[in-house]
Amino acid sequence: MILYITVAAFTALLAGMVDNRLQRQTHTITRQHLMNGICLCAVFTILFALSACRLNVGNDYAKYVEFMHLVNCDAYVPTEIGFNLLVKLVYGLSGFENFLLVFAFYSFVTVLLFLLAMYEQSDEFRLSFFLFMTLGYYFQTFSTVRYYLALAAALYSMKFVLRRQWGRFVVLVLLGAAFHKSLLVVIPLYFLASLRWKKWQLAVAALFCTTFLFLQDFYLKVVVFLYPTYEDTEYLEGGTSYINILRCAAVLGFAGIVYLMEWREQAGKAGVEADGTAVKSDDSVIKEEERLKKDPRFWFYLYLNLGALVLYVFCSFLPIISRIGYYLTVSQILFLPMLLARVKDEKWRRLFRAGILLAAVFYFAMYLSRAANDGVLVLPYRTFMFNDMVNILSDVN
């Protein structure tokens, strides 16, 4: 636990020296550009090394080693073609079952995609990175490595959705789906979130959500059709997370507060307060074309979190609903810095920042308190340099 806290704190300090809002001029590299490169490389190296050097850390580490062994023996495994081909390639080049190198590959790509997504898309990289660490996204990459590579690809793909570069978006999603096919769900979900919904359309969508209450058997059959390996397993038990519901509600509430603050500010610019009282015009108020309601990112992130809230509340009967929800809620590490940057009042911005940081630290403390439990198992940390791999199922049999 001390190791994880130290890594989180040290990398957060390094990330605090990164300014991703710099505009690079032609043939000009400033001191801050150099600082960004050094700090980003240092952060990547630390996170990659910690992940790549682990041994039997993560709730399904041994299961993945078993899968790799079966792939190498040409036996059936319920994994995607990308995973299988990667194992074949690494094992073939290594000349032995080098599962450590396979995990290292996943660590490299996953951490790289997350860092690139935050650096290129966040309004404030240091806050996004802090949330990335304290909300457990990084440490969860030690488990379900295929899924978290797909999650990193989903976060990175959001910029293509916002730019309407649908070809690049689909290609990236298909590549990620070769390692975890659940990523395909973001194609319809991200497209729907990118639309500007009208009130009547939201009403129809809300009415549709009620079908999840009385057509559960139908939706479960659809899931089994898409994932035949789930049939007659514990995966069909469903379940939801009250913490994720609370997180979504809090983020949506914060978004509403920032939106109302900007609306009141704009009303002041027009010379009318919310209650109709005349006020003094303020030239510092943002221009009409720069308002939050004109920003497609605001609505995209808002609808993603609203969709996640609907899933967690109405679709708890679906198997592993959290996996679908994470594709939506991972946007929070970009959404919160964006909202915070829109708060013009310095006092309120500091207050909101303190609240976000305290909530994130509290969440991190809760996560670490459960890090050694079944289903998480990222503690204790072990490395191949000092420990041997336990026997897998094939070795026992």
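This is a predicted model, so every value here is computed, not measured. Counting from 1, residues in each chain are numbered in the order their sequence is written. Only residues with pLDDT of at least 70 get local features here, since the model is predicted, and only at 80 or more are side-chain atom pairs given and counted; chain-wide, interface and lining totals rely on the full set of residues. As a rule here, side-chain values cover all heavy atoms of the structure and leave hydrogens and water aside.

1. Notes on the overall build of the protein chain
Rules: Going along the chain from the N terminus, every DSSP run of H or I of four or more residues is numbered as a helix, and every run of E of two or more is numbered as a strand. Whether two residues touch is decided by their heavy atoms; if any such pair falls within 4.5 Å, the residues are in contact. In this description, accessible areas are obtained by the Shrake-Rupley approach with a 1.4 Å probe, and a residue is regarded as covered only by the protein chains that are shown.
A tally of helices and strands in the protein chain yields 19 helices and 0 strands. The contacts of the protein chain with a sequence gap of at least 6 include a subset with a gap of at least 24, amounting to 74%. Working note: accessible area of the protein chain is about 20400 Å², and carbon and sulfur atoms make up 65% of it.

2. Some remarks on the packing of aromatic side chains
What counts here: For this analysis, a ring pair means two rings from Phe, Tyr or Trp (six-membered ring only for Trp) whose centres lie within 6.5 Å, classed as stacked if their planes differ by under 30 degrees, edge-to-face if by over 60, and tilted for the remaining angles. Between buried and exposed lies partly exposed: a residue is buried under 20% and exposed over 50% of the maximum accessible area for its type, with that area taken using a 1.4 Å probe on protein chains only.
Summed over the entire model, instances satisfying the criterion amount to 41 aromatic pairs. Look at Tyr-137 and Tyr-326: their rings are 6.5 Å apart centre to centre, the planes differ by 70 degrees, and that puts the pair in the edge-to-face class. Remark: Tyr-326 occurs in helix H16 (residues 321-329) and Tyr-137 occurs in helix H7 (residues 137-140); sequence separation between them is 189 residues. Residue class for Tyr-137 comes out buried when judged on its relative accessible area of 3%. Measuring from ring centre to ring centre gives 6.1 Å for Phe-139 and Phe-142, while their planes differ by 85 degrees; the resulting arrangement is edge-to-face. For the pair formed by Phe-139 and Phe-142, the shared burial category is buried.

3. A short note on the confidence of the model for the protein chain
For clarity, the threshold we go by: Known as pLDDT, the predictor's confidence for each residue is given on a scale from 0 to 100.
The share of residues in the protein chain with pLDDT of 70 or more is 88%, and the mean pLDDT across the chain is 88. Confidence over residues 278-284 falls short of pLDDT 50; this stretch has 9 contacts with residues more than four positions distant or in other chains.

4. Quick notes on the pattern of salt bridges
Operational definition: Salt bridge, as used here: a side-chain nitrogen of Lys or Arg that lies within 4 Å of a carboxyl oxygen of Asp or Glu.
Taken as a whole, this structure holds 12 salt bridges when the rule is applied. Put simply, Asp-295 and Arg-297 hold a salt bridge, and the shortest N to O gap is 3.3 Å. One salt bridge connects Glu-346 with Arg-349, and the closest N-O pair in it is separated by 2.2 Å. With Glu-346 and Arg-349 both in helix H18 (residues 346-369), this residue pair falls 3 residues apart, about one helical turn. The exposure class of Glu-346 is partly exposed, given its relative accessible area of 38%. Under the relative-accessibility criterion, Arg-349 is labelled partly exposed at 22%. In the salt-bridge network here, residues are joined through shared partners; they are Asp-123, Glu-262, Asp-295, Arg-297 and Arg-342.

5. Digging into helix H4 (residues 81-94)
Filter applied, for reference: Each helix should span, by expectation, one fewer than its residue count multiplied by 1.5 Å.
Taking 1.5 Å as the rise per residue, H4 with 14 residues should run 20 Å; its terminal C-alpha atoms sit 20 Å apart, in good agreement. Those residues of H4 that fall on the buried side of the exposure criterion are Gly-82, Phe-83, Asn-84, Leu-86, Val-87, Val-90 and Tyr-91. Where H4 terminates, the next one or two residues include Gly-95, which has phi positive at roughly 85 degrees.

6. A few points about a nonpolar patch on the surface
What counts, and what does not: Patches were defined on residues exceeding 30% relative accessible area and lacking a salt bridge, with like-charge contacts within 9 Å and nonpolar side-chain contacts (Val, Leu, Ile, Met, Phe, Trp, Tyr) within 5 Å.
A surface patch of nonpolar side chains, about 490 Å² in accessible area, is lined by Leu-213, Phe-214, Leu-215, Phe-218 and Val-222. Taken together, the elements giving at least two residues each to the nonpolar patch come down to helix H12 (211-214) and helix H13 (216-226). Mapped onto the secondary structure, Val-222 falls in helix H13.

7. Considerations on the packing of helix H8 (residues 145-162) against H16
Under the convention used in this document: Helix axes use the C-alpha atoms of the stretch in contact, all axes being lines fitted to C-alpha atoms, and the angles between their N-to-C directions lie in the range 0 to 180 degrees. In what follows, roughly perpendicular refers to angles from 65 to 115 degrees, roughly parallel to angles under 35, roughly antiparallel to angles over 145, and oblique to any angle outside these ranges. We call a crossing left-handed when the near helix sits turned anticlockwise from the far one by less than a right angle, and right-handed when that turn is clockwise. Three classes are used: nonpolar for Ala, Val, Leu, Ile, Met, Phe, Trp, Tyr, Cys and Pro, charged for Asp, Glu, Lys and Arg, and polar for all others, with Gly counted as polar.
At a minimum axis separation of 9 Å, H8 and H16 run at an interaxial angle of 30 degrees. Regarding the angle of H8 to H16, the classification is roughly parallel. Where H8 crosses over H16, the two elements pack in a sense that is right-handed. Note on element contacts: H16 touches H8 through Ser-322, Arg-323, Tyr-326 and Tyr-327, opposite Tyr-147, Tyr-148, Ala-150, Leu-151, Ala-154 and Met-158. Among the residues making up the contact of H8 with H16, the classes are represented as 8 nonpolar, 1 polar and 1 charged.

8. Overview of the nonpolar core
Threshold: Residues enter a nonpolar core if they are buried and are Ala, Val, Leu, Ile, Met, Phe, Trp, Tyr or Cys, with the set joined through side-chain atoms within 4.5 Å.
Core analysis: the largest hydrophobic core is formed by 100 residues, its most contacted members being Phe-129 and Tyr-190. Top element by residues in this core is H8. It accounts for 12 residues. Those residues in contact with Phe-129 that lie beyond four places of it in its chain are Thr-11, Ala-12, Ala-15, Val-43, Leu-47, Leu-115 and Met-118. Core analysis: the next-biggest nonpolar cluster, separate from the first, contains 21 residues, Tyr-61, Val-77, Leu-86 and Val-145 among them.

9. Here's the deal with the side chain of Asp-60
For clarity, the cut-off: Charge assignment in this entry is limited to Lys and Arg as positive and Asp and Glu as negative, and neither His nor the chain termini are counted.
When you line up the elements, Asp-60 lands in the loop between helix H2 (31-52) and helix H3 (61-72). Of the side chains with opposite charge, Arg-323 lies nearest to the buried Asp-60, which makes no salt bridge, at 5.7 Å.

10. Examining the side chain of Arg-247
Where we set the bar: Polar contact is the term for a pair of N or O atoms within 3.5 Å; when the atoms are in protein, one must be able to donate a hydrogen and the other to accept it, and sequence-neighboring residues count only if both atoms are side-chain atoms.
Checked against the element boundaries, Arg-247 lands in helix H14 (residues 242-269). As a buried residue without a salt bridge, Arg-247 has its nearest oppositely charged side chain in Glu-124, at a separation of 17 Å. In terms of polar contacts, Arg-247 uses its side chain to reach the side chain of Tyr-137, at 3.1 Å. Excluding anything up to four places from it in sequence, Arg-247 contacts Leu-135, Tyr-137, Thr-329, Gln-332 and Tyr-363.

11. A few points about the state of the cysteines
So the rule is basically this: We call a pair of cysteine sulfur atoms a disulfide when they lie within 2.5 Å.
The final tally for this structure, using the stated rule, is 0 disulfides. Here Cys-315 is not cross-linked by a disulfide; its sulfur's nearest cysteine counterpart is in Cys-209, at 7.0 Å. Residue Cys-315 is classed as buried on the basis of its relative accessible area of 0%.

12. Some remarks on the environment of Cys-248
Among the structural elements, Cys-248 can be located in helix H14. Distance in space between the C-alpha atoms of Cys-248 and Thr-329 is 7.4 Å, their sequence separation being 81 residues. Sequence-distant contacts of Cys-248, that is, excluding residues within four places in its chain, are made with Asn-305, Ala-308, Leu-309, Tyr-312, Thr-329 and Gln-332.

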